[in-house]
Every structure is written in structure tokens, then in C-alpha cells.
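# Report on the structure
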Amino acid sequence: MSGGATGPSCLQTNDWICGEYLRTRSQELVDATVQHIGITAVSVVLGVLIAFPLALAARRWRGAAGPVLGLTTVLYTVPSLAMFALLTPVFGVSAAVVVTGLVLYSLTILVRNILAGLQAVPAEVREAARGMGYGSARLLFEVELPLALPALVAGLRIATVSTVAMTTIGSVVGYGGLGNLIASGMEGFFKAEVLTASVLCVLLALLADLLLMGLQRLLTPWTRAQARAKAGARRGGRVAKVAG
């Protein structure tokens with residue numbers, strides 16, 4: 001006698017959760033994830049490299065602050081499809097179209113946070129550093145940037161998570177990473193493909209945010225000391241009230 005019938009597979013029934021899809025399409029998922037990470041990483045790094053001098057210019061020359069912040073805000077309001085349509089004649093149908101668009105979108109977040117972090121450095125700290133013989137470059141990299149790191153990394157976290165999500169839009173030109181799978185899955189109503197790619201995209205965003213949070217804690221150990229000191233002061237105040 002033959003064994004019992006196993007029934008239709010989850011691919012045949014088009015289930016949302018399908019282990020067979022993960023097993024049979026693993027290489028496709030890996031390739032899409034690698035492309036997604038690559039486009040996101042390049043876009044964020046280029047965004048920081050462009051946003052940093054823009055923020056410095058906006059801080060140094062008051063007349064430049066308005067145009068810089070205004071231009072980056074206007075760029076952020078341009079719909080993604082229109083942005084890609086404008087960039088395609090310049091770069092052709094390539095990953096450069098997606099990267100350029102994502103870089104332009106990230107500027108409004110990065111420039112504002114870098115500028116806010118630098119402006120939050122106390123004036124007396126700058127004056128003390130100058131009194132110790134610090135030049136402009138040394139003052140920036142050894143005093144101002146370390147103190148501005150919390151605001152800078154906060155902006156970097158927002159820009160990175162946003163870029164991870166927006167990379168999917170690149171599927172309109174065939175360079176959307178996991179967005180390619182989401183688009184093809186939506187076109188054929190392939191549930192497992194849509195759900196799996198979407199979940200991977202969310203996991204990438206969460207992982208990137210956690211890594212950047214860990215990097216911030218590593219680079220700013222004094223913030224933890226300050227937090228512990230404040231917590232200790234609050235506990236001491238409560239004890240004093242009870243004792244009184």
C-alpha cells in the first residue's frame with residue numbers, strides 16, 4: 001500500500017506563511033536583501049558626506065542657513081516617482097537613480113540634526129577650548145562633534161530607517177532590493193513573497209536602528225554617566241523627602 005496523501009503545498013494554496021517558499025527561493029531572498037542593504041548603506045553614507053558640509057555652511061554663514069534648510073525641505077517633498085523620473089535621463093535605468101534620490105531625501109533630516117547638534121554646544125565650552133589654543137578644525141573635531149554626537153546619531157538613525165523603507169520604491173526601475181519582491185508579489189498576489197519581503201525589510205530597519213543605537217552608546221560613554229548621576233540625584237531627593 002502507498003502512504004497517505006500529503007495534500008497541497010503552501011505554495012499551491014498561496015498561504016501567507018510558507019516554509020516551502022523560504023526553502024525554494026532562499027537565494028532570491030538573499031540577493032534582494034544584499035541589494036537592499038547595499039543601496040541603503042551607500043545612500044546613507046553619501047547623505048552624511050553631503051549633509052555635513054552643508055550644515056557647517058549653514059552654521060558659519062547665517063545667510064546660507066535659510067536657503068540650505070529650505071532647499072533640503074523642498075527636495076523632501078518631491079514625490080518619489082517624480083524624483084526618479086527626473087533622475088532617469090541623467091543616470092539611466094540604474095541603481096544610481098535610486099541612490100541619488102535617497103541621498104536627496106535624507107538631506108533634510110541629516111542637515112537639520114547636524115546643525116542642531118552643533119548649535120547646542122555651549123558657548124562657554126567653545127570659548128574655553130579657544131582659550132586653550134584650539135584652532136577651528138581641532139575645535140570642531142575634538143570638542144564640538146563629540147558633544148553633538150547624540151543629535152547627529154539621532155538624525156542618522158531616522159535617516160537610515162527611512163532609507164531602508166524608501167529603498168523599496170526603487171522597484172519602479174528594477175533596483176529596489178526587497179521592494180522588487182514586494183512589487184512582483186503584489187502583481188501576482190503571491191502572498192508568501194509579499195509578506196516575507198516586507199518582514200525582512202522591517203527586520204533590516206530594526207537591526208540598523210539597534211546597531212546605530214549601540215554605536216552611539218559606544219561613542220558617548222559620558223551620557224550614561226550623566227544619566228546615572230541624575231538617577232542617583234533623584235533617588236537621593238526622594239530619600240531626603242521620606243526622611244524629612
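Anything mentioned here points back to the structure above.
Now for a description of the structure that goes with this document. Source: prediction; values computed, not measured. (Residues numbered from 1 in each chain as written. Predicted model: local features only at pLDDT ≥ 70, side-chain atom pairs only at ≥ 80, totals over all residues. Heavy atoms only, no water.)

Counting secondary structure elements, the chain contains ten helices and zero strands. Ordered by position in the sequence, the α and β elements of the chain form the string α-α-α-α-α-α-α-α-α-α. Classification of the 244 residues of the chain by burial places 37% in the buried group. Considering only contacts in the chain between residues 6 or more positions apart, those separated by 24 or more positions represent 71%. Accessible surface, the chain as shown: approximately 13800 Å² in total, 68% of it carbon and sulfur. (Helix = DSSP H or I, 4+ residues; strand = E, 2+ residues; numbered from the N terminus. Buried < 20%, exposed > 50% of the residue type's maximum accessible area, 1.4 Å probe, protein only. Contact = heavy atoms within 4.5 Å. Areas by Shrake-Rupley, 256 points an atom, 1.4 Å probe, with all protein chains shown as cover.)

Let's shift gears to helix H7 (residues 136-166). The terminal C-alpha atoms of H7 lie 37 Å apart, and with 31 residues this falls more than 12% below the ideal 45 Å at 1.5 Å per residue. A maximum bend of about 55° is found in H7 at Leu149, where proline Pro150 lies one to four positions downstream. (Expected span 1.5 Å × (residues − 1). Bend = angle between axes of the 7 residues up to and from the residue.)

Once that is clear, we can look at the environment of Thr24. Take Thr24: it is sitting in helix H1 (residues 19-24). Here Glu20 takes part through its backbone oxygen, which lies 2.8 Å from a polar atom of the side chain of Thr24. (Polar contact = N/O pair within 3.5 Å; in protein donor to acceptor, adjacent residues only side chain to side chain.)

Our next topic: the pattern of salt bridges. Counted under the stated rule, the structure contains six salt bridges. Here Glu144 makes a salt bridge to Arg59, at a shortest N to O gap of 2.8 Å. With Glu144 in helix H7 and Arg59 in helix H2 (residues 26-60), the pair connects residues that are 85 residues apart, well separated along the chain. Bridged by salt links that share partners, the residues Arg59, Arg126 and Glu144 form one connected network. (Salt bridge = Lys/Arg side-chain N within 4 Å of Asp/Glu carboxyl O.)

Before going further, it helps to examine the nonpolar core. Residues Ala51, Val111, Ile114, Leu118 and Leu145 are the most contacted members of the largest nonpolar core, which totals 22 residues. Contributing elements (two or more residues each) for this core: H2, helix H3 (62-77), helix H5 (95-119) and H7. Considering each element in turn, this core owes the most residues, seven residues, to H5. Filtering out sequence-adjacent residues up to four positions away, Leu145 remains in contact with Phe52, Leu118, Leu140 and Leu152. If you look at the next biggest cluster of nonpolar residues, it comprises 14 residues, including Ala32, Leu181, Ala192 and Cys201. (Core = buried A, V, L, I, M, F, W, Y, C linked by side-chain atoms within 4.5 Å.)

What follows is about a nonpolar patch on the surface. Where nonpolar side chains cluster on the molecular surface, the patch consists of Trp16, Ile17, Phe189, Leu195, Val199, Val202, Leu203 and Leu206 and spans about 790 Å² of accessible area. Tracing the chain through its elements places Trp16 in the segment before H1. (Patch = residues over 30% accessible without salt bridge, like charges linked within 9 Å, V, L, I, M, F, W, Y side chains within 5 Å.)

Now for the packing of H2 against helix H9 (residues 191-219). Between H2 and H9, the least distance of the axes is 11 Å, while the angle of their chain directions is 35°. Crossing of H2 over H9 shows right-handed handedness. Contacts between H2 and H9 involve Glu28, Leu29, Thr33, His36 and Ile37 from the former and Glu193, Thr196, Leu200, Cys201 and Leu204 from the latter. Considered class by class, the residues forming the contact of H2 with H9 number five nonpolar, three polar and two charged. (Axes fitted to C-alpha atoms, helices over the stretch in contact; angles between N-to-C directions. Left-handed = near helix turned anticlockwise from the far one by under 90°. Nonpolar A, V, L, I, M, F, W, Y, C, P; charged D, E, K, R; others polar.)

So, to be careful, I would describe these as geometric facts and stop short of saying anything about function.
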